[in-house]
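# Report on the structure
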Amino acid sequence: MPKVLADLPAMLVDHAHLERKAAASALNLEKYHDLFGRVEELNAIAIEELQHFQLVLGLLKRRGIPFGQPYPSPWIAGLMHAVRQGVRHSVIDHLICCSLIEGRSCEKFQRLANALQPVDADLAEFYADLVGSEGNHYATYWLMARQINEAEADQRLDFYLDLDAKLIRVPNPRPMLH
Ligand SMILES: [Fe+2]
Ligand SMILES: [Fe+2]
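To keep things clear, this report deals only with the structure shown in the data block. (Residues numbered from 1 in each chain as written. Chains lettered and ligands numbered in written order. Predicted model: local features only at pLDDT ≥ 70, side-chain atom pairs only at ≥ 80, totals over all residues. Heavy atoms only, no water.)

### Side note on the overall build of the protein
Of the regular secondary structure elements, the protein holds seven helices and zero strands. Mapped in sequence order, the helices and strands of the protein form the string α-α-α-α-α-α-α. Relative to its length of 178 residues, the protein is compact, with a C-alpha radius of gyration of 16 Å against a globular reference of 16 Å. Taking the principal axes of its C-alpha atoms as reference, the protein extends roughly 45 × 35 × 25 Å. Looking at the 178 residues of the protein, the share that counts as buried comes to 48%. Contacts spanning at least 24 positions in sequence make up 80% of the contacts within the protein whose residues lie at least 6 apart. Element-wise, carbon and sulfur atoms account for 56% of the exposed surface of the protein, whose accessible area totals about 9300 Å². Here the protein carries 18 positive and 23 negative side-chain charges, and the mean point of each set is 7 Å from the other. (Helix = DSSP H or I, 4+ residues; strand = E, 2+ residues; numbered from the N terminus. Rg over C-alpha atoms; globule rule 2.2 N^0.38 Å. Buried < 20%, exposed > 50% of the residue type's maximum accessible area, 1.4 Å probe, protein only. Contact = heavy atoms within 4.5 Å. Areas by Shrake-Rupley, 256 points an atom, 1.4 Å probe, with all protein chains shown as cover. Lys, Arg positive; Asp, Glu negative; His and termini not counted. Charge placed at Lys NZ, Arg CZ, Asp CG, Glu CD.)

Set out below in structure tokens:
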């Protein structure tokens, strides 16, 4: 958290890309047969993420921060790298990755809101307002995975939580959210 607070402009640019990628991820999930019936819900998430993206871009503009290049996230890349081949396997793994990324956003936004309260109340409020939405995305993706195959979703969640614990131990010096 201190490295993120020390470079708010870089963190905000990273956050903008995070919302862009979240919108793209929701649309990407629509390629799976098991999710054809959920296409409207996934569109709704993609629209919400695009609105978040727009909100962050507005914030950048108001603060005179130029939009810039994204940093690659070793944590997200590490999770996605473990998605197994095969359509049925992929969809559950992919949903669990998305769910963990959303859950992590939800948690980080709450921590940011608390940490920013004394130094930047506007930004603190901005982050506090996003917490509920990211929490809903986390729950929606997780329930979608469980609905496809409950036993497998539970088993893969255990696998991913172990992987997550390993990946977050790798130090990342950049001022990014994930
Ligand atoms: Fe979002
Ligand atoms: Fe989200």
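Further notes follow.
### Thoughts on the nonpolar core
Formed by 53 residues in total, the largest nonpolar core has its most connected members in Leu-35, Leu-79, Leu-95, Tyr-127, Tyr-141 and Tyr-160. Mapped by element, the contributors of at least two residues to this core are α2 (8-28), α3 (39-62), α4 (74-81), α5 (87-116), α6 (121-148) and α7 (150-167). A total of 13 residues in this core trace back to one element, the largest contributor, which is α5. With residues up to four places along the chain from it excluded, the contact list for Tyr-160 reads Leu-79, Ala-82, Val-83, Asp-93, Ile-96, Cys-97 and Leu-100. (Core = buried A, V, L, I, M, F, W, Y, C linked by side-chain atoms within 4.5 Å.)

These values are about where atoms sit, not about what they do.
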